[in-house]
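Analysis of the macromolecular model
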Amino acid sequence: MGPFFLFVYLILGGILGGLLSTIASMASLATYPILLSVGIPPVYANTTNDAALIWTGVGSTASSLKELKGHWKEVIFYSIFTIVGSALGCMLLIQFPGKIFEKIVPFCIAFSGLMILFSGEIHLEKDGNNRLLQIISLLCLVITGIYAGYFGAASGVLMLVILNAISDDDFLTVNAMKNIIGALSNLVALIIYMFTAKIYWGSAIPLAIGALIGSYFGPRIMRHIPVKVIRLGIAVLALIQAAYFAYTAYR
């Protein structure tokens, strides 16, 4: 594949990833396999993926200001937990880039995909009786951040499930918050990887351009799709990605 067609291929992959990121929390369903297909080793495909996908937060934020109005304090509060987790996950990847975690990933993705079907029914009441559950949920955000920093695939689905449980906001608002929080986690990972790991910038830049375009139009598309259909779509895509990563991990 010549340089021009490779550039276009990566941009198109980024657009698809950006759309999947904002609509179905599944950017890596498109972007991670694309990076592997151009010959980038798995660990560095992950770091390069993080470098590109931070732009999904920029595009989705610009397109979701309506949903985010009055919710910025929540975004900042929840971001603290995922950012701490993301930094820890990056350290784990640098120190232990082995295969053990990759074998667990398919099960995590499948579980999160199934959970999204029931996420609309799961809400924690903000009273004393459920204080422990709220604390556990915030710890789950840290764990999701660790997962995002270490591997990343379907971390948005896990984050969406948790945020939907601890927030009283509607699905579109929670999804908009998830997009920004996920992008901040990717930004922290990128900063760490810039100094500690290898990033294939020649692939990251066109992928980022596409991701920015796709993520801008994603929230606009979501406004016209029923929430139940979105949840079902996320679940189906999660199971597809779980099958893909199970195949690559156990073949």
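One can find the structure itself at the top, above this paragraph.
Residues numbered from 1 in each chain as written. Predicted model: local features only at pLDDT ≥ 70, side-chain atom pairs only at ≥ 80, totals over all residues. Heavy atoms only, no water.

So, on to the side chain of Thr31. Relative to the helices and strands, Thr31 is located in helix 2 (residues 28-37). For Thr31, the side chain forms a polar contact with the side chain of Asn49, separated by 2.7 Å. The contacts of Thr31, once residues within four sequence positions are left out, are Gly13, Gly17, Asn49, Leu53 and Leu207. (Helix = DSSP H or I, 4+ residues; strand = E, 2+ residues; numbered from the N terminus. Polar contact = N/O pair within 3.5 Å; in protein donor to acceptor, adjacent residues only side chain to side chain. Contact = heavy atoms within 4.5 Å.)

Once that is clear, we can look at the packing of aromatic side chains. Applying the stated rule across the entire model yields five aromatic pairs. For the pair Tyr216 and Phe217, a centre-to-centre distance of 5.4 Å together with 85 degrees between the ring planes defines the contact as edge-to-face. Three or more aromatic residues link up through ring pairs in this structure, and these residues are Phe77, Tyr78 and Phe81. (Phe/Tyr/Trp six-rings, centres within 6.5 Å; stacked < 30°, edge-to-face > 60°.)

Among the secondary structure elements, Pro42 is positioned in helix 3 (residues 42-63). Pro42 sits 109 residues away from Phe151 along the chain, and the two C-alpha atoms are 9.9 Å apart. Not counting chain neighbours up to four residues away, the residues in contact with Pro42 comprise Tyr32 and Leu36.

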